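Breakdown of the fold
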Amino acid sequence: MENYYQQAIECASREEIIALQNEKLVKQVRRVWEAVPYYRKKMQDHGVTPDDIKSIDDIKKLPFLSKADLRESYPYGLLAKPLKECVRIQSTSGTTGKRVVAFYTQHDIDLWEECCARAIVAAGGSDEDVCQVSYGYGLFTGGPGLNGGSHKVGCLTVPTSSGNTERQIMFIMDLQATILCCTPSYAAYLGEAMKEMGLTPDQIPLKIGIFGAEAWSEEMRRSIEQTLGIKAYDIYGLTEISGPGVAFECSAQQGMHINEDHFYAEIIDPDTGEPLPDGTPGELVFTCLDKEAFPMLRYRTRDICVLTREKCSCGRTFVRMRKPQGRTDDMLIIRGVNVFPSQIETVLLNQGYAPNYQIVVDRVNNTDTLDVLVEMTPEMFTDNLGDITARQNRLAGGLLSMLGIKAKVSLVAPKSITRSEGKAVRVIDKRKI
Ligand code: DLL
């Protein structure tokens, strides 16, 4: 079995990584210029040609690519390989406009699955493990990506896909699954369902969780770890860049290592497009250094996060990204104040609630309103109005100090908020309806 702790590259010196990136970028830009008229025109309009790109530092000369470009060139306009060399598409469920369709050659699939294999191994997985993949399979990249990674590592792979919670639990228990891959909100739901069945953390065979595809707080991590009796690892990625495994957490859990030999990361000011130094929050931008069919150059992810190149205690040298706080398009502006759903989640979980909540934003008499509906846990459930009011006031106080604006909190009965099997929908913004 091949070893997917690829130490020679994952722990390479900065000089070695830069040398590799220099070489790959120069080749990639020339190839894309030659193969994709859309890109060539974009570069020409920006006054740059492949001759201007001599090293990774020259990346700043390239124009950005955004979701609007993908929409405009849908479906085949950014394809950089003949169709007959492409073997797969994956697609995202974008909320507006056309779906994004990403293409893969066999080389691209291998590279992607290798990145997922690195993530599983970094989380402590090996060929001794039984790995249940409860991300959705199909057009979504979660299931296929982790499925491929799990095969490469040599785990016994259980491709349950998402949904059918009873069957999920049956397989976890009967097959003694040790790794669970799914969204954090689905992991929380599975944990809740197992608890209701009377299963205690020491009876649950799982050891490792590999959770991503949506923003989740540290408090949520601790809550899932406690109910399932596991160590939970974060994994990040997006369809446009390949899927899960663009970045992954190691045992140090101090941010996610970006697979820098394949994906070059930058942070920019989302308003001006200016590159920002390490340590400063901004929009994450990726360049695919060696993908063949759908190689994004300077793709704006809209994810807000921070990069660090400080030494990691695990020994890996790949740059790390902090947990994305949210997306520029997730950020709510309420009475002029920027609010990320993850900040609200932090307050709720710190006060002992489960991650079952909904955020409703509206505009009444020209003023934005923020309503937070939170489920009481079965333990705290009561019909004593005094108790409920006291709890609501405490939560509203916590939200005011976190966000700087007032929110109306309503505690609701256990099980009254719909559970999610994939990416949770937490926000209803009625101002946009
Ligand atoms: O969600 C790929 C994926 C699957 C990642 C499974 C991890 C695990 P998309 O559907 O294209 O791809 O959505 C990509 O999801 O731009 C982020 O906003 C968000 N996202 C992904 N991982 C994380 C994470 C997959 N760990 C979009 N933390 C990205 C926060 C995440 N947000």
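For the structure itself, consult the block above.
Described in the following lines is the structure provided in the data block. This one's a predicted model, so the numbers in the text were calculated from it and none came from an experiment. (Residues numbered from 1 in each chain as written. Predicted model: local features only at pLDDT ≥ 70, side-chain atom pairs only at ≥ 80, totals over all residues. Heavy atoms only, no water.)

As for the pattern of salt bridges
Tallying each qualifying case throughout the model produces 29 salt bridges. A salt bridge links Asp45 to Lys41; the nearest nitrogen and oxygen atoms lie 2.8 Å apart. Pair noted here: Asp45 and Lys41 are both in helix H3 (residues 37–45), with a separation of 4 residues, about one helical turn. Residue Asp45 is classed as exposed on the basis of its relative accessible area, which comes to 58%. A salt bridge links Arg309 to Asp278; its shortest N-O distance comes to 2.9 Å. Residue Arg309 is located in the loop between strand E13 (307–308) and strand E14 (320–321), and its partner Asp278 is located in the loop between strand E10 (263–268) and strand E11 (282–288); the two are separated by 31 residues in the primary sequence. (Salt bridge = Lys/Arg side-chain N within 4 Å of Asp/Glu carboxyl O. Helix = DSSP H or I, 4+ residues; strand = E, 2+ residues; numbered from the N terminus. Buried < 20%, exposed > 50% of the residue type's maximum accessible area, 1.4 Å probe, protein only.)

Quick word on helix H2 (residues 14–35)
Taking 1.5 Å as the rise per residue, H2 with 22 residues should run 32 Å; its terminal C-alpha atoms sit 31 Å apart, in good agreement. Listed in full, the buried residues belonging to H2 are Ile17, Gln21, Lys24, Leu25, Gln28, Val29, Val32 and Trp33. The buried residues of H2 all sit within an arc of 155 degrees when viewed along its axis, so they share a single face. Set apart from the buried face of H2 by more than 90 degrees, the exposed residues are Glu15, Lys27 and Glu34. (Expected span 1.5 Å × (residues − 1). Arc of directions from axis to C-beta.)

Looking at helix H8 (residues 184–196)
Over its 13 residues, H8 extends 18 Å from the first C-alpha to the last, a length consistent with the 18 Å expected when each residue adds 1.5 Å. Every buried residue of H8 is accounted for by Pro184, Ser185, Tyr186, Ala187, Ala188, Leu190, Gly191, Glu192, Ala193 and Met194. Where H8 terminates, the next one or two residues include Gly198, which has phi positive at roughly 85 degrees.

Quick notes on the packing of aromatic side chains
Summed over all chains, the structure comprises 7 aromatic pairs. Between Tyr186 and Tyr189, the ring centres sit 5.9 Å apart and the planes meet at 65 degrees, which makes this aromatic pair edge-to-face. Of this pair, Tyr186 and Tyr189 both sit in helix H8, 3 residues apart, roughly one helical turn. The exposure class assigned to Tyr186 is buried, which follows from its relative accessible area of 0%. For the ring pair Tyr236 and Phe286, a centre distance of 6.3 Å and an interplane angle of 35 degrees mean the geometry is tilted. Remark: Phe286 occurs in strand E11 and Tyr236 occurs in strand E7 (residues 231–238); sequence separation between them is 50 residues. Given the relative accessible area of 8%, Tyr236 is considered buried. Pairwise contacts between aromatic rings join Tyr76, Phe103 and Phe294 into one cluster. One residue, Lys291, lies across the ring of Tyr104, its end atom 5.9 Å from the ring centre. The positively charged end of Arg300 is found above the aromatic ring belonging to Phe64, 5.5 Å away from the centroid. (Phe/Tyr/Trp six-rings, centres within 6.5 Å; stacked < 30°, edge-to-face > 60°. Lys NZ or Arg CZ within 6 Å of the ring centre and 35° of its normal.)

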